[in-house]
Amino acid sequence: MPTHESDVCIIGGGISSAMLARKLANLRPGTTITIVEAGRSIFDFEKRAVYRDRALVYGEHPWRNDYREDQMAQGFISMTMAVGGLALHWGGACNRFSEEDLRLKSMYGIAADWALSWDELERYYVEAERALNVAGEPSAYAEDRRSAPYPQPAVPLSYNLQVLKGWAEQSGLKFNALPLARNLTPFDGRGACCVYDTCDICPTGARYSPDFTFRQLIERKQIVLHDRTLVRRLVLDDRRPTVAAAQGVHQDRPGEAQEYRARLFVVASGYCWSPHLLLLSANTRFPNGIANSSGLVGRYMTGHAFVEARVTIDEQTWPGQHRVHSLISREHFRCPTDKPFVRHDTRVWEDTTGREPRLRDDQGRLLLGDEVFDDWRARTKGSSVRLRTYLDVHPSADSRLTLNQASKNRYGDPMPRVEHRFDAPTTARLAANKQHVRDLFSRMARASNGKVVSTFDGDYLDHPAGGCRMGTDPATSVCDSYGRTHDHENLYVVGAPTLPTGGCTNGTLTFVALTLRSADRIAQTLPRA
Amino acid sequence: MRRRTLLHALAATVPLLPLTRVRLAAQVRAFTPETVAVLRDVAATVLPVSLGADKVSLIVDRFLVWGRDYEEGIALAHGYGDPKLVTSGPSPVPDYVAQLAAIDAAARGRGGRFATLPLETRRTILSDALAAAKVTDLPGRPTGRHVVADLMAFYFRSSEANDLAYRARIGRQLCRTLELTTRRPAPMA
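Residues numbered from 1 in each chain as written. Chains lettered and ligands numbered in written order. Predicted model: local features only at pLDDT ≥ 70, side-chain atom pairs only at ≥ 80, totals over all residues.

Draft legend 1. Structural view of the interface of chain B and chain A. Tallying the contact residues gives 49 residues for chain B and 41 residues for chain A. Elements supplying a minimum of two residues to the side of chain B that touches chain A: α3 (33-46), α6 (119-132), α7 (147-156), α8 (159-166) and α9 (178-181) of chain B. No other element matches α8 of chain B, which puts six residues into the side of chain B that touches chain A. (Contact = placed C-beta atoms within 7 Å. Helix = DSSP H or I, 4+ residues; strand = E, 2+ residues; numbered from the N terminus.)

Draft legend 2. Up close: the pairing of strand β2 (residues 33-36) of chain A. Residues and elements named next belong to chain A. Where burial is concerned, the two faces of β2 agree: the one with Ile-33 and Ile-35 and the one with Thr-34 and Val-36 are both buried. Pairing analysis gives four bridges linking strand β1 (residues 3-11) to β2, with the strands arranged parallel. The partner of Ile-10 across the bridge, within β2, is Ile-35. A crossover links β1 with its parallel partner β2, the connecting element being helix α1 (residues 15-27), and its sense is right-handed. In the sheet, β2 pairs with strand β4 (residues 224-226) via three bridges, with the strands oriented parallel. Within β4, the position partnered with Thr-34 by the bridge is Val-224. (Buried ≥ 20, exposed ≤ 12 C-beta atoms within 10 Å, placed from the backbone. Pairing = 2+ DSSP bridges. Right-handed = clockwise from strand over helix to strand, strands pointing away.)

Draft legend 3. Representation of unusual backbone geometry. The phi torsion at Asn-65 of chain A lies on the positive side, around 55°, for a residue other than glycine. As for its position among the elements, Asn-65 of chain A is in the loop between α2 (48-58) and α3 (99-102).

Draft legend 4. Here's a closer look at the environment of Ala-149 of chain B. Tracing the backbone through its elements, the reader meets Ala-149 of chain B in helix α7. Taking the number of C-beta atoms within 10 Å as the measure of exposure, Ala-149 of chain B has 24 and is therefore buried. In sequence terms Ala-149 of chain B and Val-135 of chain B are 14 residues apart; their C-alpha atoms lie 7.5 Å from each other. Not counting residues within four places of it along the chain, the set of residues in contact with Ala-149 of chain B comprises Leu-359 of chain A together with Leu-130, Val-135, Leu-138 and Pro-139 of chain B.

Draft legend 5. How the structure looks around the packing of α3 of chain B against α7 of chain B. Residues and elements named next belong to chain B. Running from N to C, α3 and α7 cross one another at 55°; their axes reach a closest spacing of 11 Å. Taken together, α3 and α7 sit at an angle that is classed as oblique. Crossing angle aside, the handedness with which α3 passes α7 is right-handed. Contact with α3, carried on its side by Val-42, Ala-43 and Val-46, involves Val-148, Leu-151 and Met-152 of α7 and no other residues of that element. Split by residue class, the contact of α3 with α7 holds six nonpolar, no polar and no charged. (Axes fitted to C-alpha atoms, helices over the stretch in contact; angles between N-to-C directions. Parallel < 35°, antiparallel > 145°, perpendicular 65-115°, else oblique. Left-handed = near helix turned anticlockwise from the far one by under 90°. Nonpolar A, V, L, I, M, F, W, Y, C, P; charged D, E, K, R; others polar.)

Function cannot be inferred from these measures alone, as they are strictly geometric.
Here it is as structure tokens:
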């Protein structure tokens, strides 16, 4: 069996892996780092414009072959499995959580506190924002104190968003430009934003994606990347409860197992594939999977419920100016402790609902030629607005990722099945929380003679996380706040899986901040060059 | 000749040929000169006259390139939520060719070449064709269901059409400076 040795073996090649590898390489030069990723490398930046254009006119996925057909999960959020992970096509939203997220139990008597302080996390938010070159502005809310400014000013509000901000703030909420990991000027080998408005694939690289980081690390010989190699098992030392090796298989050599031996292993495979690997690695000494003496690997799977609406208002906007940029209000990040619990962000986008070209008029008559324009222009007065909130909902222990014996990959490994369940307090309040949001949307609409045209509740949990939650008690958590598993001193889990709860806004910045904190701790265990 | 009629004729003359092979033989993989001519006639009706004939012709040329460059079996956008792997289907061009032949046949059945018919007659022919194809609204992009809807989507979903509808230089999804987006779009000249 081919064996590859390094100081650190990172399993998974997404944003957490990229941030961890870069920081370790900088903190401990000379440390050998191997990254093993099941998907392929898509290092063809020069073709992005072509892929983008084809995505627009043919509906093709702009990240070709970023999946493995037999490596799919039931109930997961994205099938992307490639070097760069889901952050290949994220929007770049870099919202911070708030202090309440870390103190739900002590403040409200619900869910769980996180095993670190807000001040400590805040330091790493600053570092994460610098690493991702986030463009943002000071929050309109004094509670959102920062110890350092954003590295870039906010992505400017389009004229449309300026108009919508004036409208939305009549509701009493205050709004800011959404913080974004997007270059306003060239930075770190990536170009500046020129508003292609397709952030799922950015032809200039202005929106951060981890492929850039991996390429840099490879070129500098700071990491070795083994892509298209699926790690199937972590193997423990015969005598000690430490991980001795990760065993995988390359896509082109299915009959030849690859073994990765390292001083330290980091599982950085996201909320789905991280707990999955730990469960798959069950052995006679750890029959429930490794790092799972608590029985909590694959439990407390979390994320956001969301409510969305389309609203029409009188103010005039010009759809297409900057569709992917948005406003955020953090008004409801805070909830008084003597009031019913409800926390959510509030987001505002330009929209075209009801203001698009159509084939037939209201009488069903086919429109031809300039008639299409005439009909379209008659409906361009005023604006449609898209509103969304991410609600703070909390998982029960039965919110689970399990091994689905009915679905196996080519090697016979059962694939994950993710089934989200809320805890009892969340279930009890959810209808009222959603009504609160709908009332808010109505209030916002009324401020401009507007009306809510439609609302819908998301049918999945967005920004998923959890499955290896952090904590101080090995009986009620999988790892400590640095991601080190309670059961195996040389095994870490980083990023999304470690979150006990998912907050009420996009999670990626938090995943990165926690990972950078883990990197500091991991570096302490590595010898200096 | 309508595609179905052609199939029927082939089946009658080569009765022992398996049906699947007949279908393959019947499929025209590219636009023929005759169907391109019909497409241009249709385009003159469904695209805005206000664009001018040269512009309409250019849009048809681009649409033909779109059909030529279509790739089969490519994974379509798989977003967030409940992702499923869906790949692009067969090229729509053979269906387009058949649909254009059908439009031509319908026009000739009503008295002549499509372009020479009264507007309401042309509207009826196209409306019937779209209804038969179960096209109820303008697709977000060409989908292969019907050539008329796809040609219209190809143009009316474009950034250029958006600008003309709003009579403003918005430049949706075109490379622009951030600063430009901060201002109210300039009116079209």
